[in-house]
Amino acid sequence: MALFDKSSRNSLVPGFLYSSNAFSHLDSSSINHAPSSSPRPHRNNIPMMIPSPAESSIPMFSPAYYAACSAGGVFSCGLTHMAVTPLDLVKCNMQIDPAKYKSIPSGFGVLLKEQGARGFFKGWVPTLLGYSAQGACKFGFYEFFKKYYSDLAGEENAVKYKTFIYLAGSASAEVIADVALCPMEAVKVRVQTQPGYARGLSDGLPKFIKADGVSGLYRGIVPLWGRQIPYTMMKFASFETIVEMIYKYAIPTPKAQCSKSKQLGVSFAAGYVAGVLCAIVSHPADNLVSFLNNAKGATVGDAVKKIGVVGLFTRGLPLRIVMIGTLTGAQWGLYDSFKVFVGLPTTGGAAPPPPTPTN
């Protein structure tokens, strides 16, 4: 099995960062040093971490493992963001023109009246492409940095300071992910909030570059980092913590003995709660991103003056909580479903106690 791959055994990374304690009852020395003539335990006697369509041939923490996680990120982020394009469209317009888009119902009404039902999916192509690229970097690099920082910390400190590892790993991944997202986000906001600007990406991107230059595609990178880095830190650290708490306090059965459907249900529930927290933390920066990408030459000071400090925290927040909560829950559900499909364990689980010091 991939879980017994040599690279996995030799890593300092605590297994709980990636999987359950399904094999904690097995003595590691007996696994590593058992003579080849010893009979292997019957497959049914080993509690699998999660049932999957086929036993994975992907070694843990190998390039193929990170590639699979990146593919899962494309699948989870690209599709979910595209699916909530109507909510995102109303949210962006409420942030830019609250006098016209006074509430969620009226916002949908205005869009339906002015643009028809097809208008609800305006900007879906840059949304799909941008968030697919972001998802690949976000999830793939998170898994990479989580292992990297765990190796640096050492086994005992990685257990003790696991939350800091989640935060550092997710922040590092998001810095890279936003570089991939920023150009498509800029075009998306312009297409969605300026009536008649463009039909979509094919004509919107050339028009944007002609007016603002290639550098203009990255004008919103700092506010985007300001929005996405806290969002992602909350998204990953709170998810991992909530999953651990669910298996510790809410489900009497150890994760290793839970069915596939139950584990994926935990992923969705933990993801939804994490998404609500993400929406609250990152909302002021989200308002800034929408304002700066819509108003040519505007600065952060202009945005604060126009929207107001209170408005940065509250304008469009209820809709964004609904949108991001659902989005994040779906993303974690899809991401872990993809991992299960390729034979990998779901994310998170109960942490073991720190190793006992030896004299």
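Residues numbered from 1 in each chain as written. Predicted model: local features only at pLDDT ≥ 70, side-chain atom pairs only at ≥ 80, totals over all residues. Heavy atoms only, no water.

Focus on the packing of aromatic side chains
Line of reasoning, step 1. The tally for this structure, following the rule as stated, stands at 19 aromatic pairs.
Line of reasoning, step 2. A centroid spacing of 5.4 Å and a plane angle of 70 degrees characterise the contact between Tyr65 and Tyr66, whose relative ring orientation is edge-to-face. As far as burial versus exposure is concerned, Tyr65 and Tyr66 are alike and both buried.
Line of reasoning, step 3. Residues Tyr66 and Phe144 carry aromatic rings whose centres are separated by 5.8 Å and whose planes lie at 75 degrees to one another, so their mutual orientation is edge-to-face. (Phe/Tyr/Trp six-rings, centres within 6.5 Å; stacked < 30°, edge-to-face > 60°. Buried < 20%, exposed > 50% of the residue type's maximum accessible area, 1.4 Å probe, protein only.)

Comments concerning the environment of Asn294
Line of reasoning, step 1. Relative to the helices and strands, Asn294 is located in helix 11 (residues 260–294).
Line of reasoning, step 2. Each C-alpha atom of the pair Asn294 and Arg190 lies 5.5 Å from the other, and the pair is 104 residues apart in sequence.
Line of reasoning, step 3. Leave out the neighbours within four places in its chain, and Asn294 touches Ile96, Val189, Arg190, Thr193 and Gln194. (Helix = DSSP H or I, 4+ residues; strand = E, 2+ residues; numbered from the N terminus. Contact = heavy atoms within 4.5 Å.)

Brief notes about the confidence of the model for the protein chain
Line of reasoning, step 1. Mean pLDDT over the protein chain stands at 81; residues scoring 70 or higher make up 82%.
Line of reasoning, step 2. Helix 2 (residues 28–33) is the least confidently modelled element of the protein chain, averaging 38 in pLDDT, while helix 6 (residues 124–153) averages 96, the highest of any element.
Line of reasoning, step 3. Within the model, the stretch residues 18–54 combines pLDDT values under 50 with 57 contacts to residues more than four positions away or in other chains.
Line of reasoning, step 4. The low-confidence segment residues 351–359, where pLDDT is below 50, has nine contacts with residues more than four positions distant or belonging to other chains. (pLDDT = per-residue confidence, 0-100.)

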